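Analysis of the macromolecular model
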Amino acid sequence: MGKGCITATKYFLFLFNLLFFLFGALIMGFGLWVLLDNQSFIAVLQEESDTLKVASYMLIGVGSLSMLMGFLGCLGAIYEIRCLLGMYFTCLLLILIAQVTAAGLIYFQRDLLKQEMASIVNKIMINYTGENKTADTAWDYLQKTIKCCGWTGPGNWTENTKIKNSTETLYPCSCRNDSMGSEEALSTSGLCKSPTPQWPVYPKGCITSVEDWFLNNCGVILGICIGVAVIELLGMVLSMCLCKSVHQEDYTKVPRY
């Protein structure tokens, strides 16, 4: 490989690793958001399931590892250190294999994941009290925001302990459909008293809105996944080309501090 090609490869690899470092920071930030967020559907699932917490820690770990790899890749590219380039290629290959495996598991276990999600949400509705618990607040926020009620429909709320044992006709305030013209309390959390046996709530379950969101954004999600895989493959090719062009180690290039 000519000197000009080696130089071009080196700086392309440096730029790639800079992007990879920023991508790792983005993954780590997303993991932190999943772990700390308390006002979205993520918080609802996280409150009742340890699976999401484990996933958030994994995202933070993957993001940190990606940032470290990006730094080492930049160092290996600029100073042409074969051992760093080889280690970088191996790590990228392992990450790519792990991503493909995770995607396959999610795809083939999607029905099981859907059942687990429904189980978590139903448990939250059964134990709902409206006393500002993280899961209760997040579920109220979701129902108000996307104008839905229950997971598959308002009927899910009939299993709520307080509603079932009350002599009054109670319904979740966050489900309240203003278009039905009810004049009762305007609270947006907790349980409200219904003036009629029929609840003045939204008829649509939240699962429909969640699935619609995934379907509407499926192309974007798939495009991001394919883009990440292509970038990783490009990084592997560049690192291997540069590694082959470096015939022997020259540690005098490594800066001393």
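The model shown is predicted, which means the values in this text are computed figures rather than measured ones.

Let us look at unusual backbone geometry. Phi is positive for Lys 147, close to 55°, though the residue is something other than glycine. Along the chain, Lys 147 turns up in the loop between helix H6 (134-146) and helix H7 (161-165). Looking at Lys 147, the relative accessible area reads 49%, which means it is partly exposed.

Let us look at the side chain of Asp 136. As for its placement among the helices and strands, Asp 136 is situated in helix H6. Each residue touching Asp 136, except ones within four places of it in the same chain, is listed here: Ile 124, Tyr 128, Thr 129, Gly 130 and Glu 131.

By size, the foremost hydrophobic cluster in this structure holds 22 residues, and its most contacted members are Met 125, Trp 139, Cys 149, Trp 151, Trp 157, Trp 199 and Val 201. Listed in part, the 15 residues of the second largest apolar core include Ile 6, Leu 13, Ile 95 and Leu 238.

Before going further, it helps to examine the packing of helix H4 (residues 82-108) against helix H9 (residues 218-245). Here H4 crosses H9 at 155°, and the two axes come no closer than 9 Å. With respect to each other, H4 and H9 are oriented roughly antiparallel. The two elements H4 and H9 cross, and the hand of that crossing is left-handed. Of H9, the residues touching H4 (which contributes Arg 82, Leu 85, Gly 86, Tyr 88, Phe 89, Leu 92, Leu 93, Ile 95, Leu 96 and Gln 99) are Val 228, Ala 229, Glu 232, Leu 233, Gly 235, Met 236, Ser 239, Met 240, Leu 242 and Cys 243. Each residue belonging to the contact of H4 with H9 can be placed in one class, and the counts come to 14 nonpolar, 4 polar and 2 charged.

Over its 17 residues, helix H5 (residues 110-126) runs 24 Å from end to end, which matches the ideal 24 Å to within 8%, given 1.5 Å per residue. Burial in H5 covers these residues: Ala 118, Ile 120, Val 121, Ile 124 and Met 125. Considered in projection along H5, the buried side chains sweep an arc of 160° and stay on one side of the axis. Every exposed residue of H5 that faces more than 90 degrees away from the buried side is listed here: Asp 111 and Gln 115.

Take a nonpolar patch on the surface next. Nonpolar side chains collect at one region of the surface, where Tyr 11, Phe 14, Leu 15, Leu 18, Leu 19, Phe 21, Leu 22, Leu 65, Leu 68 and Phe 71 lie side by side and expose about 940 Å² of accessible area between them. If you list the elements that add at least two residues to the nonpolar patch, you get helix H1 (3-36) and helix H3 (50-79). The leading source of residues in the nonpolar patch is H1, at 7 residues. Among the structural elements, Tyr 11 can be located in helix H1.

Reading the values: the criteria
- Residues numbered from 1 in each chain as written.
- Predicted model: local features only at pLDDT ≥ 70, side-chain atom pairs only at ≥ 80, totals over all residues.
- Heavy atoms only, no water.
- Helix = DSSP H or I, 4+ residues; strand = E, 2+ residues; numbered from the N terminus.
- Buried < 20%, exposed > 50% of the residue type's maximum accessible area, 1.4 Å probe, protein only.
- Contact = heavy atoms within 4.5 Å.
- Core = buried A, V, L, I, M, F, W, Y, C linked by side-chain atoms within 4.5 Å.
- Axes fitted to C-alpha atoms, helices over the stretch in contact; angles between N-to-C directions.
- Parallel < 35°, antiparallel > 145°, perpendicular 65-115°, else oblique.
- Left-handed = near helix turned anticlockwise from the far one by under 90°.
- Nonpolar A, V, L, I, M, F, W, Y, C, P; charged D, E, K, R; others polar.
- Expected span 1.5 Å × (residues − 1).
- Arc of directions from axis to C-beta.
- Patch = residues over 30% accessible without salt bridge, like charges linked within 9 Å, V, L, I, M, F, W, Y side chains within 5 Å.
- Areas by Shrake-Rupley, 256 points an atom, 1.4 Å probe, with all protein chains shown as cover.
- Salt bridge = Lys/Arg side-chain N within 4 Å of Asp/Glu carboxyl O.

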